[in-house]
Amino acid sequence: QVHLVESGGGLVQPGGSLRLSCAASGSIASRYAMGWYRQAPGKQREMVARITSGGATNYQDSVKGRFTISRDGTKNTLYLQMNSLEPEDTAVYYCYYLNRGTATDYWGQGTQVTVSS
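As the structure is a prediction and not an experimental result, all values here were calculated from the model. (Residues numbered from 1 in each chain as written. Predicted model: local features only at pLDDT ≥ 70, side-chain atom pairs only at ≥ 80, totals over all residues. Heavy atoms only, no water.)

K.L.:
I would appreciate a short explanation of the side chain of Arg 66 in the present structure.
P.N.:
Locating Arg 66 in the fold gives a position in the loop between strand E6 (57-59) and strand E7 (67-71). Looking at Arg 66, its side chain comes within polar contact range of the main-chain oxygen of Ser 62, at 2.9 Å. Excluding residues that lie within four positions of it along the chain, Arg 66 makes contacts with Gln 81, Met 82, Asn 83, Ser 84, Leu 85, Glu 86 and Asp 89. (Helix = DSSP H or I, 4+ residues; strand = E, 2+ residues; numbered from the N terminus. Polar contact = N/O pair within 3.5 Å; in protein donor to acceptor, adjacent residues only side chain to side chain. Contact = heavy atoms within 4.5 Å.)

K.L.:
Sorry, what's going on with the nonpolar core here?
P.N.:
When a protein is soluble and globular, its nonpolar side chains tend to lie buried together. The biggest cluster of nonpolar side chains holds 29 residues, and the ones touching the most others in it are Leu 4, Met 34, Trp 36, Leu 80, Met 82 and Tyr 93. Of all elements in the fold, only strand E1 (2-7), strand E3 (18-26), strand E4 (32-39), strand E5 (46-52), E7, strand E8 (77-82), strand E9 (91-99) and strand E11 (111-115) reach the threshold of two or more residues within this core. If near-sequence neighbours (up to four positions away) are discounted, Leu 4 is found in contact with Cys 22, Ala 23, Ala 24, Met 34, Cys 95, Tyr 96, Tyr 97, Tyr 106, Trp 107, Gly 108 and Gln 109. (Core = buried A, V, L, I, M, F, W, Y, C linked by side-chain atoms within 4.5 Å. Buried < 20%, exposed > 50% of the residue type's maximum accessible area, 1.4 Å probe, protein only.)

K.L.:
For this particular structure, what's the right way to read the packing of aromatic side chains?
P.N.:
What describes a pair of aromatic rings is the distance from one ring centre to the other and the angle between the planes of the rings. The final tally for this structure, using the stated rule, is 5 aromatic pairs. Here the aromatic cluster, defined as three or more aromatic residues joined through ring pairs, consists of Tyr 32, Tyr 97 and Tyr 106. We note Arg 45 situated over the ring of Tyr 94; from NZ or CZ to the ring centre the distance is 3.8 Å. In this structure, Arg 45 is placed above the aromatic ring of Trp 107, and the distance from its NZ or CZ to the ring centre is 4.7 Å. (Phe/Tyr/Trp six-rings, centres within 6.5 Å; stacked < 30°, edge-to-face > 60°. Lys NZ or Arg CZ within 6 Å of the ring centre and 35° of its normal.)

Below is the structure:
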């Protein structure tokens, strides 16, 4: 079992920055994928960024060049650095973990990000 706890959300002005954190506890598989998803009111949850145990990253086109996903050296904490934030980035952001060996996944509780003037 893996437990995910998120933090770092808040209210920022357009053009501002935030860094989201996801602390993972439990048994982390040797082969995994972790990522950030977001969901705005009335819209479907969408992938924002992901990173694999091998270090490969993928980003949604709308955040390329603005967001950076990373992890700490022990793979216990996942980060999302968000720069040049836009009102369209407003959503609840969720941390995601996938054990690629067993095909089991886990979700964090979500953290609210609001970009407004």
